[in-house]
Amino acid sequence: MNKKLKTLILSLIILIIMSACSSTHKNTQSLRTAVEQLLISEAVITSLPQKAETPLPIPPGSKVAINTSGISLDQHIVRQAVSGWLGQHGYLVQDDKDTATYEVSVMVESLGTEYADTFFGIPPIQGGLLPISTPELAIYKAQYQTGYVKFHFDLFELPSGRFVQTTSPFIAEKYYNDYTVLFLFTFKKTDLVAPPQLGTIGRKEINETDE
């Protein structure tokens, strides 16, 4: 058996072994992955300042009605977060404009996630001439996800509808980065609180505390 044939057979054996070691990961079985949901919701919460003083030019204790507008279908998350935030700062949130003295009109300018990746290695190969396929072989792979939100308030006096003021924009972002090095070694970097973890080996329960 000549050297070239030995090399070909050895290469085929290595490819078969590698293909047998591949694994399957479905990103989600819902409309959005859990990570995407956290990126959006935590960005919204982070955008609202937690200090005791409030930038709104209306007196604390006022009865306020809230409405939201924007392109994003997730704007209801902003509404709920703003309602809680206003309540924490002493405002009385009303369901009906007829019982409110001010209207907080929330303009959601941007709300969503961005994705980018970097890959260096061999992409997955589907069997063509040969009845085998190989998994992705990543020497270095990085996947970057960012949740971003930007919105502002337009304040109106009720029932007159007199315009009071437009606030400065509320802006925040959250990130979740996933890395693979030398095919097998993976790690993540994120500023999310308690993000989901795939797999079970060495995994801790979310409510587990160190003794």
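Keep in mind that what you see is a predicted model, and the values were worked out from it rather than measured.

Draft legend 1. Examining the pattern of salt bridges more closely. Evaluated as defined, the whole model comprises 5 salt bridges. Among the ionic pairs, K97 bridges to E103, the shortest N-O distance being 3.6 Å. Across the salt bridge formed by K150 and E109, the nearest N and O atoms sit 3.6 Å from each other. Pair noted here: K150 is in strand β4 (residues 137–157) and E109 is in strand β3 (residues 102–122), with a separation of 41 residues, a long-range link. Since its relative accessible area comes to 39%, E109 is described here as partly exposed.

Draft legend 2. View of a nonpolar patch on the surface. Taken together, the side chains of F120, I139, Y140, L182, F183, L184 and F185 present a nonpolar region at the surface, about 760 Å² in accessible area. Among the structural elements, I139 can be located in strand β4.

Draft legend 3. Summary view of helix α3 (residues 75–88). Taking 1.5 Å of rise per residue, 14 residues should cover 20 Å, and α3 covers 20 Å from first to last C-alpha, within 8% of that figure. Of the residues making up α3, those classed as buried are Q75, V78, A81, V82, S83, W85 and L86. Packed against the buried residues of α3 are α2 (34–47), β1 (63–70), β2 (92–94), β3 and β4. G90, located one to two residues past α3, shows a positive phi value of around 95°.

Draft legend 4. Broad picture of unusual backbone geometry. In this structure, the amide linkage connecting L158 to the following residue, P159, adopts the cis form with an omega of 5°. Mapping P159 onto the fold places it in the loop between β4 and β5 (163–166). One non-glycine residue, A194, lies in positive phi territory at about 50°. Along the chain, A194 turns up in the segment after β7 (185–190).

Draft legend 5. Just the side chain of E42, in detail. With respect to the secondary-structure elements, E42 resides in helix α2. Buried E42, no salt bridge; nearest opposite-charge side chain is K174, N-O distance 4.0 Å. Among the polar contacts made by the side chain of E42, one reaches the main-chain amide nitrogen of V193 at a distance of 3.2 Å. Once residues within four sequence positions are removed from consideration, E42 is found in contact with K174, D191, L192 and V193.

Cut-offs applied
- Sequence order as written defines residue numbering, which begins from 1 separately in each chain.
- Local features in this predicted model are restricted to residues of pLDDT 70 or higher, and side-chain atom pairs are both shown and tallied only at a pLDDT of 80 or more, whereas totals for entire chains, interfaces and linings draw on every residue.
- Side-chain descriptors were evaluated using all non-hydrogen atoms of the structure, hydrogens and water having been removed beforehand.
- In the sections that follow, a salt bridge refers to a side-chain nitrogen of Lys or Arg positioned within 4 Å of a carboxyl oxygen of Asp or Glu.
- Helix and strand labels come from DSSP, where a helix needs a run of H or I of at least four residues and a strand needs a run of E of at least two; each type is numbered from the N terminus.
- Here's how the labels work: a residue is buried when its accessible area is under 20% of the maximum for its type, exposed when over 50%, partly exposed in between, all with a 1.4 Å probe on protein chains only.
- Grouping into patches uses exposed residues only, defined as over 30% relative accessible area, and leaves out salt-bridged ones; the cut-off is 9 Å for like charges and 5 Å for nonpolar side chains (Val, Leu, Ile, Met, Phe, Trp, Tyr).
- Only the protein chains shown count as cover for residues, and all accessible areas are computed by the Shrake-Rupley method using a 1.4 Å probe.
- Helix span, expected: 1.5 Å multiplied by one less than the number of residues in the helix.
- Residue contacts are defined here by distance: any two heavy atoms, one from each residue, within 4.5 Å place the two residues in contact.
- Charge assignment: positive for Lys and Arg, negative for Asp and Glu; neither His nor the chain ends contribute.
- Within 3.5 Å is the distance limit for a polar contact, defined as a pair of N or O atoms, with the added protein rule that one can donate a hydrogen and the other accept it, and that residues adjacent in sequence qualify only through two side-chain atoms.

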